[in-house]
Amino acid sequence: KLTWQDFFLFVRQKKRSKAANKNDWNQPKRKPLMSGMYVPTKRDYVLTVLLALDSSGSMSNEQISYAMSQVQALDGKALVHVVFWDSSVFWNDLKTIQKVTREELGSIKRIGGGGTVLSPLFKEYEDKVGPVDIIVVGSDFFLADEQEVSSLPRLKDTEVIWLSVNGNPKFKYPFGKAFQLYNE
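Residues numbered from 1 in each chain as written. Predicted model: local features only at pLDDT ≥ 70, side-chain atom pairs only at ≥ 80, totals over all residues. Heavy atoms only, no water.

Next up on the list: the confidence of the model for the chain. Looking at the chain as a whole, the pLDDT averages 83, with 94% of positions reaching at least 70. Here helix H4 (residues 102-106) is the element of the chain with the lowest mean pLDDT, 75, and helix H5 (residues 119-129) is the one with the highest, 92. (pLDDT = per-residue confidence, 0-100. Helix = DSSP H or I, 4+ residues; strand = E, 2+ residues; numbered from the N terminus.)

With that settled, consider the sheet that holds strand S7 (residues 159-165). Taken in spatial order, the six strands line up as S5-S4-S3-S6-S7-S8 in an open sheet, and their pairing is mixed. The outermost strands of the open sheet, each flanked by one partner alone, are strand S5 (95-97) and strand S8 (177-181). Put simply, the sheet's adjacent strands are angled 20 degrees from each other on average, direction ignored. Of the pairings in the sheet, the one linking strand S6 (residues 134-139) to S7 comprises six bridges and is parallel in character. Looking at S7, one finds that Ile-135 is bridged to Val-160. Set on the sheet, helix H1 (residues 4-18) makes contact with strand S3 (47-54), strand S4 (78-85), S6, S7 and S8; between it and S7 the angle comes to about 170 degrees. (Pairing = 2+ DSSP bridges. Axes fitted to C-alpha atoms, helices over the stretch in contact; angles between N-to-C directions. Contact = heavy atoms within 4.5 Å.)

Let us now look at the side chain of Thr-48. Along the chain, the position of Thr-48 falls in strand S3. Once residues within four sequence positions are removed from consideration, Thr-48 is found in contact with Leu-79, His-81, Pro-131, Val-132, Asp-133 and Ile-134.

Here we take up unusual backbone geometry. The phi dihedral of Phe-141 falls on the positive side, at around 60 degrees, and the residue is not glycine. By relative accessible area, which is 0% here, Phe-141 ends up buried. Notably, Asn-166 is not glycine yet its phi reads approximately 45 degrees, a positive angle. On the secondary structure map, Asn-166 appears in the loop between S7 and S8. Given the relative accessible area of 36%, Asn-166 is considered partly exposed. (Buried < 20%, exposed > 50% of the residue type's maximum accessible area, 1.4 Å probe, protein only.)

So, in structure tokens, the structure goes:
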């Protein structure tokens, strides 16, 4: 069974292979240097991830913590922007994490608690954080704007991972990959 972490690694590998022609001449390989050859190393590709967590009234603190804890799988493999949303997206409280640790995640405090409107996130993210490789949406997907989300256009160079935390079984994911998280 494919997990969302497996899908993340698949996307990372796909992006790395596209960037495989990038050489780093500042840090040559050490072994060839001994024989007088100056061979560049390959640059590693670090993904940029937007983690959008639903902080509406229907999401409990346990559900939010559980969805956030899943991000520890990205440690060292991605630059993670964390933002909360309910009836609006809290861009002013965006937190960027370079090294995903339990302490870093624990320092992020829940903001919001109102309704659930997701479509502004997809309309505003590029202006607020720039281009991202993956958007991870953690929610129960009981949305007030479900029709509008269903009609959103597919994103061109961005993959979307929908993490449903004990969520709405009737929600139809418009694009990307959906995964169920069960906090038992």
